[in-house]
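Structure at a glance
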Amino acid sequence: MSIWAIYAAAIITAAKNRDHLLAGRVLNYIYIGMELAVVTIYQSEIVPARSRGFVVSTYQTSVIDGGLVVSAITRGTSDIPSNASWQIPFGLFFFVPTIVASTI
């Protein structure tokens, strides 16, 4: 899944027109769907029952916290007059999948 996400992020950040950007976003949302389906189930299977609720809720908390960080970065880059204003936030799609893929 992480390799898939890195591939989608590469397409998005290298996009030269709207169609490339849309194709990359479709591939990225396929990854997000796989992640949403797999991560919570995996978490609930590997932790002891007494801490299961807390551990599974950390995934949703991480998604919310990540959204807040990306929103702040997007706001910060919105005044850049070049394509970097949108490429920097989309380039953040590389961050987590790269860490996961390298630690596996």
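What you see is a predicted model; the values in this text were computed from it and never measured.

Evaluation of the coordinates by the stated rule reveals 2 aromatic pairs. Here the aromatic rings of Trp86 and Phe90 are separated by 6.2 Å at their centres, their planes lie at 70°, and the arrangement is edge-to-face. Of this pair, Trp86 and Phe90 both sit in helix α4 (residues 84–91), 4 residues apart, roughly one helical turn. Exposure remark for Trp86: the relative accessible area of 26% places this residue in the partly exposed category. Relative to Phe93, the ring of Phe90 lies with its centre 5.5 Å away and its plane at 65°, an arrangement referred to as edge-to-face. Given the relative accessible area of 22%, Phe93 is considered partly exposed. Here the aromatic cluster, defined as three or more aromatic residues joined through ring pairs, consists of Trp86, Phe90 and Phe93.

To continue, consider the UniProt feature "domain: Major facilitator superfamily (MFS) profile" (unreviewed entry) in the protein. The UniProt feature table records "domain: Major facilitator superfamily (MFS) profile" (unreviewed entry) at residues 1–104. Spanning residues 1–104, this segment combines 81% helix with 0% strand, and its end C-alpha atoms are found 11 Å apart.

Residue position: Ile12 is located in helix α1 (residues 2–13). Taking C-alpha positions, Ile12 is 12 Å from Asn83, a pair spaced 71 residues apart along the chain. Not counting residues within four places of it along the chain, the set of residues in contact with Ile12 comprises Leu21, Gly24, Arg25, Asn28, Trp86, Phe90 and Phe93.

What counts, and at which threshold
- Residues numbered from 1 in each chain as written.
- Predicted model: local features only at pLDDT ≥ 70, side-chain atom pairs only at ≥ 80, totals over all residues.
- Heavy atoms only, no water.
- Phe/Tyr/Trp six-rings, centres within 6.5 Å; stacked < 30°, edge-to-face > 60°.
- Helix = DSSP H or I, 4+ residues; strand = E, 2+ residues; numbered from the N terminus.
- Buried < 20%, exposed > 50% of the residue type's maximum accessible area, 1.4 Å probe, protein only.
- UniProt positions renumbered as here; feature names shortened; annotations may be inferred.
- Contact = heavy atoms within 4.5 Å.

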